[in-house]
Amino acid sequence: MKRVIVIGVDFYRDNKFEYYMEELENLVVACNLKVIGRLTQKLPKIEPKYYIGTGKIVELQVLVDDLQPDIIVANNELSGSQNKNIEEILHCKVIDRTQLILEIFSSRAQSKEAKIQVSIAQLKYQKPRMSGSYSHLSGLGGGKAGTVSRGSGETQIEIDKRNILSQISLLEKELEKFVEARKLQRLKREKNILPIVSIVGYTNVGKSTLMNALVNDEKQVFEKNMLFATLDTAIRRIKLDNGLQFLLVDTVGFVSNLPHELIKAFHSTLEEIKNSDLIVHLTDLTNNDYEIHKQVVKDTLKQLNIVNIPELMVNNKVDLVGKVSEGLNISAKNKQGIDKLLIAISDNIFANYKEVKLLIPYSVMKIVTILNEYTSVTPPKYNEKGALIVANLSQWDLAKYQKYIIKE
């Protein structure tokens, strides 16, 4: 396992610096690397040449000579020149937080769409840093010295940049096919007017575990106790005991300072959240940074311009803590509190539904079949005019089937 020293600059701006450094170390571990040392410095701003001050570079050199790391990971984004300058002094591979997250996403991507999204983000990150002797994102398992790629002059750099732009263009066209396919799927779903509930949360709070607690065994999604276990959006239909149904969406987890390139690349996937009737904001009660994680999610949703959607706060892993927090407390793993969660979801998304009696003529009997597909319908009672049913209808359905409603 490759060994890592993490470095960071504390800007005095808030009290979250220690949290950010711990999060960085967790990201290092998620990338199958081992943290063997840490060096930090308080500065009003990042030093333009070496990221940290010249005195700290000397201190870092001593630490590198002593611990012999394979990689240095900076907590903030580095420019191409900063990356080059540090590597030339330390003779050690240097990457930053964004590169680390991109590498994790690259290793986790399973579907073709996710792989394209990550590739686009990597190329967009790489392009402006080429003139600074960019160390390639892939291959974090490489050696120490000699890892810095050298260009052959400005002309070659411009050629490489054009090649990158060409690759980005091709990948974005390929991604657009998935975007269009998702739009068609969304239109098909909208024909059934099924409410949409999206699970959002900080990475590794148990979103996929919660989805699996709510779906049938044959429709399980991948879950594992690690950061960014899955990058693919999963959608499952949930049928309640009363016959009402909704779509449940599981999305990629969030993390502090999620790279802008990744947010843009995954924008089409995260569009699913924008179409939600309810957002289930899942948190991890066992994490000491519980409140910070909640704010990270809220800030990310705001950045994605996802606003004015009802939000249900749900605290997970209640089975592992001695006391519970205010709000809805569950254990997705043990299915504790799931019934209460479903009631809370139902109260939110079906609040405007109304139970009505309908007489469906034999000439349009397919309406009964259609309604059975997505809402609660009683067994038909037939007479000379058609089928009598009782159904729970949304406001949209009430207007659509108004002429069949029997007013009592």
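In the block above lies the structure referred to throughout.
All figures in this text were calculated on a predicted structure; none of them were measured in a lab. (Residues numbered from 1 in each chain as written. Predicted model: local features only at pLDDT ≥ 70, side-chain atom pairs only at ≥ 80, totals over all residues. Heavy atoms only, no water.)

Draft legend 1. Structural context of the overall build of the protein. Tallying secondary structure elements over the protein gives 13 helices and 13 strands in all. Counting across all 408 residues of the protein, residues that qualify as buried make up 52%. (Helix = DSSP H or I, 4+ residues; strand = E, 2+ residues; numbered from the N terminus. Buried < 20%, exposed > 50% of the residue type's maximum accessible area, 1.4 Å probe, protein only.)

Draft legend 2. Spatial organisation of the pairing of strand β5 (residues 196-201). Counting buried positions along β5 yields six of six residues, so the element is predominantly enclosed. The alternating pattern of β5 places Ile196, Ser198 and Val200 on one face and Val197, Ile199 and Gly201 on the opposite face, and all of these are buried. Pairing analysis gives four bridges linking β5 to strand β7 (residues 245-250), with the strands arranged parallel. Counted as the bridge partner of isoleucine 196 is leucine 247 from β7. Relative to strand β8 (residues 278-284), β5 runs parallel, the two sharing five bridges. Looking across to β8, one finds that valine 197 is bridged to leucine 278. (Pairing = 2+ DSSP bridges.)

Draft legend 3. Main features of the environment of glutamine 61. Its place among the elements puts glutamine 61 in helix α2 (residues 54-67). Put simply, glutamine 61 and histidine 91 are 30 residues apart on the chain and 9.4 Å apart in space, counted from C-alpha to C-alpha. Excluding its chain neighbours within four sequence positions, the residues that come into contact with glutamine 61 are Ile89 and Leu90. (Contact = heavy atoms within 4.5 Å.)

Draft legend 4. Looking closely at the sheet that holds strand β6 (residues 234-239). Pairing in this open sheet of six strands is mixed, and the strands run β6-β7-β5-β8-β9-β10 from one edge to the other. Since the sheet does not close on itself, it has two edges, and those belong to β6 and β10 (328-329), each with one partner. Helix-sheet contacts for helix α10 (residues 290-303) involve β5, β8 and β9 (311-316), and the interaxial angle to β8 is about 150 degrees. (Axes fitted to C-alpha atoms, helices over the stretch in contact; angles between N-to-C directions.)

Draft legend 5. Layout of the pairing of β8. Of all seven residues in β8, seven are buried, a share of seventy percent or more. Bridge count between β8 and β9: six bridges; the pairing is parallel. When the sheet's bridge partners are listed, histidine 281 is paired in β9 with methionine 313.

Draft legend 6. Focus on the sheet that holds strand β3 (residues 71-74). Pairing in this open sheet of four strands is parallel, and the strands run β2-β1-β3-β4 from one edge to the other. Each edge of the open sheet is held by one strand with a lone partner, namely β2 (34-42) and β4 (93-96). Direction aside, the axes of adjacent strands within the sheet are offset by 25 degrees on average. Where β3 lies against β4, four bridges are found, and the strand directions are parallel. Paired with valine 73 across the strands is isoleucine 95, a residue of β4. The strands touched by helix α1 (residues 17-30) within the sheet are β1 (3-10), β2 and β3, with β1 carrying the most contacts at an inclination of about 160 degrees.

Draft legend 7. Layout of α2. Helix length check: α2 (14 residues) gives 20 Å between terminal C-alpha atoms against 20 Å at 1.5 Å per residue, within 8%. On its buried face, α2 is in contact with β1, β2, β3 and α3 (80-90). (Expected span 1.5 Å × (residues − 1).)

Draft legend 8. Broad picture of the pattern of salt bridges. Per the counting criterion, the structure on display carries twelve salt bridges. With its nearest N and O atoms 3.2 Å apart, the salt bridge here joins glutamate 174 to lysine 112. Placement of glutamate 174 in helix α6 (residues 154-192) and of lysine 112 in helix α5 (residues 112-126) is noted, with a sequence separation of 62 residues between them. Notably, a salt bridge pairs glutamate 174 with lysine 177, separated by 3.5 Å at the nearest N-O pair. Of the two residues, glutamate 174 and lysine 177 both sit in helix α6, three residues apart, roughly one turn of that helix. Note on glutamate 174: relative accessible area 23%, which makes it partly exposed. It is possible to trace a salt-bridge network through shared partners that takes in Glu18, Glu25 and Arg38. (Salt bridge = Lys/Arg side-chain N within 4 Å of Asp/Glu carboxyl O.)

Draft legend 9. Geometry of helix α7 (residues 207-214). Of all eight residues in α7, eight are buried; the element is thus mostly enclosed. On the buried face of α7, the contacting elements are β5, β6, β7, β8 and α11 (338-349).

Draft legend 10. View of the packing of aromatic side chains. Enumeration over the complete set of coordinates arrives at three aromatic pairs. Ring centres of phenylalanine 350 and tyrosine 353 lie 4.8 Å apart, and the angle between their planes is 85 degrees; on these two criteria the pair is classed as edge-to-face. Like phenylalanine 350, the residue tyrosine 353 is buried in the burial classification. Here the aromatic rings of tyrosine 362 and tyrosine 382 are separated by 6.4 Å at their centres, their planes lie at 15 degrees, and the arrangement is stacked. Here tyrosine 362 is found in the loop between β11 (354-361) and α12 (366-374), whereas its partner tyrosine 382 is found in strand β12 (residues 381-382), with 20 residues between them in sequence. We classify tyrosine 362 as partly exposed; its relative accessible area is 44%. On the accessibility criterion, tyrosine 382 (56% relative accessible area) is exposed. (Phe/Tyr/Trp six-rings, centres within 6.5 Å; stacked < 30°, edge-to-face > 60°.)

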